[in-house]
Amino acid sequence: DTAVSQTPKYLVTQMGNDKSIKCEQNLGHDTMYWYKQDSKKFLKIMFSYNNKELIINETVPNRFSPKSPDKAHLNLHINSLELGDSAVYFCASSFTDGELFFGEGSRLTVL
Amino acid sequence: KQEVTQIPAALSVPEGENLVLNCSFTDSAIYNLQWFRQDPGKGLTSLLLIQSSQREQTSGRLNASLDKSSGRSTLYIAASQPGDSATYLCAVRPRGSTLGRLYFGRGTQLTVWP
């Protein structure tokens, strides 16, 4: 059983489109995160949720909107996609301040 | 703001060597430090988590040490194998940080050749 799963794994779309990435964890964790890995492989946090409450909202354009319907799910919706949004987006989860477990990543390519 | 540096950026060694990967951080007030490996096109796999009160953690051929006062952690890999080839990342969780605010280094890309 995959602990942190995210879909889709690959996403190719045109500029201006709206897309969503879904994430689910079956580890019973209370905190979920979205990280972005750029072309230089640098990882940076975008959002974190603890018990469905938004905790971190980094300086991310408001075209990015996370939604956590329950503790096991954290989805990322992106409006009006731009070329610069092309990256790999990783979902992760943990217990509060605990060890992080990552999903396999979703590679977004905006044409 | 916490900054995390990993040296070297890349390392290529023959199979069987013992090697050390370095991670340094600028603010010693940390909650914990975590080492990950990332295979090409894959997610991050957690290797070891060291709490701020600990000096080291071991898992199989891996040993991670933490020296908070000097702002350093090392990952020691014994008897390296080709399967160890990957990028190794360290991440620091500062004390008092908002949930999830891990600061990552840029990683050390390790190649172990047969």
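Cut-offs and rules
Residues numbered from 1 in each chain as written. Chains lettered and ligands numbered in written order. Predicted model: local features only at pLDDT ≥ 70, side-chain atom pairs only at ≥ 80, totals over all residues. Heavy atoms only, no water. Helix = DSSP H or I, 4+ residues; strand = E, 2+ residues; numbered from the N terminus. Buried < 20%, exposed > 50% of the residue type's maximum accessible area, 1.4 Å probe, protein only. Contact = heavy atoms within 4.5 Å. Salt bridge = Lys/Arg side-chain N within 4 Å of Asp/Glu carboxyl O. 1 Å grid on protein atoms, 1.4 Å probe; cavity = no way out; pocket = protein on both sides within 12 Å on 5 of 7 lines; lining within 4 Å. Points joined across faces, edges and corners; volume = space filled by probe spheres on them. Nonpolar A, V, L, I, M, F, W, Y, C, P; charged D, E, K, R; others polar. Disulfide = S-S within 2.5 Å.

Student: Can you explain the side chain of Asp84 of chain B? Please cite residues and give values.
Tutor: Residues and elements named next belong to chain B. With respect to the helices, strands and loops of the structure, Asp84 is situated in the loop between strand S8 (72-77) and strand S9 (86-94). Taking the relative accessible area as the measure of exposure, Asp84 reaches 7% and is therefore buried. Excluding residues within four positions of it along the chain, Asp84 makes contact with Arg37, Arg61, Ile77, Leu110 and Val112.

Student: Describe in detail the pattern of salt bridges, supporting the description with residues and values.
Tutor: Residue and element names in this part refer to chain B. Taken as a whole and judged by the stated rule, the model has 5 salt bridges over all chains. Between Arg61 and Asp84 there is a salt bridge whose closest N-O contact spans 2.8 Å. Residue Arg61 is found in the loop between strand S6 (56-59) and strand S7 (62-67), and its partner Asp84 is found in the loop between S8 and S9; the two are separated by 23 residues along the sequence.

Student: Outline the layout of surface pockets, supporting the account with residue identities and numerical values.
Tutor: Of the volumes computed, that of the largest pocket is approximately 810 Å³. Forming the boundary of the largest pocket are 42 residues, of which Gln37, Lys41, Phe42 and Leu43 of chain A together with Leu89 of chain B lie nearest the centre. Sorting the residues of the lining of the largest pocket by element identifies strand S5 (43-50), strand S9 (87-94) and strand S11 (106-110) of chain A together with strand S1 (4-7), S9, strand S10 (103-104) and strand S11 (108-113) of chain B as the ones contributing at least two each. Per-element tally for the lining of the largest pocket: the top contributor is S11 of chain B, with 4 residues. Taken together, the residues of the lining of the largest pocket sort by class into 15 nonpolar, 14 polar and 13 charged. The computed volume of the second largest pocket comes to approximately 200 Å³. If you go around the second largest pocket, the residues you meet are Lys36, Asp38, Phe42, Lys44, Ile45, Met46, Glu58, Thr59, Val60, Pro61 and Phe64 of chain A. The element contributing the most residues to the lining of the second largest pocket is S5 of chain A, with 3 residues. Taken together, the residues of the lining of the second largest pocket sort by class into 6 nonpolar, 1 polar and 4 charged.

Student: I'd love a proper account of the state of the cysteines, names of residues and values included.
Tutor: Disulfides are covalent bonds that link the sulfur atoms of two cysteine residues. In the structure shown here, the tally under the stated rule is 2 disulfides over all chains. Between the sulfur atoms of Cys23 of chain A and its disulfide partner Cys91 of chain A the distance amounts to 1.9 Å. On the S-S bond that ties Cys23 of chain A to Cys91 of chain A, the torsion sits near -75°, and the link is left-handed. With Cys23 of chain A in strand S3 (residues 19-25) and Cys91 of chain A in strand S9, this pair connects stretches of sequence that are 68 residues apart. On the basis of relative accessible area, Cys23 of chain A is assigned to the buried category, the value being 1%. A sulfur-sulfur separation of 1.9 Å characterises the disulfide bridge that pairs Cys23 of chain B with Cys90 of chain B. Because the sign of the S-S torsion sets the handedness, a value of about 70° for the bond joining Cys23 of chain B and Cys90 of chain B places this disulfide among the right-handed ones.

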